[in-house]
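Single-letter residue listing:
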Amino acid sequence: MFDVQPATASRILSDLVDRGILVKTSTAQHGPSVTYGPGPKFPLKGTRQSQKHAKQQLERDWEGNDND
């Protein structure tokens, strides 16, 4: 999807898991055999209104992230 270094990919995936957007679906601990699936907060395809709400929530989440 994106061309990033392994350490950056690990941080991105970890953040998505911590926020409940993704969940690990494999028993592998690390490496290319680890797989992920949608978590409880994964945005569902829906109406434009629900997509707008999801976008606003993501923006609020990122504004509160001071790990930059």
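Residues numbered from 1 in each chain as written. Predicted model: local features only at pLDDT ≥ 70, side-chain atom pairs only at ≥ 80, totals over all residues. Heavy atoms only, no water.

**Observations regarding the overall build of the protein chain**
Regarding its fold elements, the protein chain presents two helices and two strands. Secondary structure elements of the protein chain occur, N-terminal to C-terminal, as α-β-β-α. Every one of the 68 residues in the protein chain was classed for burial, and the buried ones make up 13%. Within the protein chain, contacts between residues separated by at least 24 positions form 10% of all contacts whose residues are at least 6 apart in sequence. (Helix = DSSP H or I, 4+ residues; strand = E, 2+ residues; numbered from the N terminus. Buried < 20%, exposed > 50% of the residue type's maximum accessible area, 1.4 Å probe, protein only. Contact = heavy atoms within 4.5 Å.)

**Digging into the pattern of salt bridges**
As a working rule, side chains carrying opposite charge can pair if their charged atoms are close by. The tally for this structure, following the rule as stated, stands at one salt bridge. Note that Asp15 and Arg19 form a salt bridge whose closest N and O atoms lie 3.2 Å from each other. (Salt bridge = Lys/Arg side-chain N within 4 Å of Asp/Glu carboxyl O.)

**Structural notes on helix α1 (residues 6–18)**
Taking 1.5 Å as the rise per residue, α1 with 13 residues should run 18 Å; its terminal C-alpha atoms sit 18 Å apart, in good agreement. Following α1 by one or two positions, Gly20 adopts a phi angle in the positive range, close to 80 degrees. (Expected span 1.5 Å × (residues − 1).)

**Topic: a nonpolar patch on the surface**
A grouping of Phe2, Val4 and Ile12 is seen on the molecular surface, where their side chains present a nonpolar patch of about 290 Å² in accessible area. Its location among the elements puts Phe2 in the segment before α1. (Patch = residues over 30% accessible without salt bridge, like charges linked within 9 Å, V, L, I, M, F, W, Y side chains within 5 Å. Areas by Shrake-Rupley, 256 points an atom, 1.4 Å probe, with all protein chains shown as cover.)

**With respect to the confidence of the model for the protein chain**
Residues at a pLDDT of 70 or more form 82% of the protein chain, whose mean pLDDT is 82. Of all helices and strands in the protein chain, the one with the weakest mean pLDDT is helix α2 (residues 48–63) (72), whereas strand β1 (residues 22–24) scores best (94). (pLDDT = per-residue confidence, 0-100.)

**Thoughts on the environment of Arg19**
Take Arg19: it is sitting in the loop between α1 and β1. Linking Arg19 and Asp61, residues 42 residues apart in sequence, is a C-alpha distance of 9.1 Å. Beyond its immediate chain neighbours, meaning those up to four positions away, Arg19 contacts Lys41, Leu58 and Trp62.

**Brief notes about the environment of Ala28**
Its place among the elements puts Ala28 in the loop between β1 and β2 (36–38). Owing to a relative accessible area of 18%, Ala28 belongs among the buried residues under this scheme. Those residues within four positions of Ala28 in sequence are excluded, and the remaining contacts are Ser33 and Val34.

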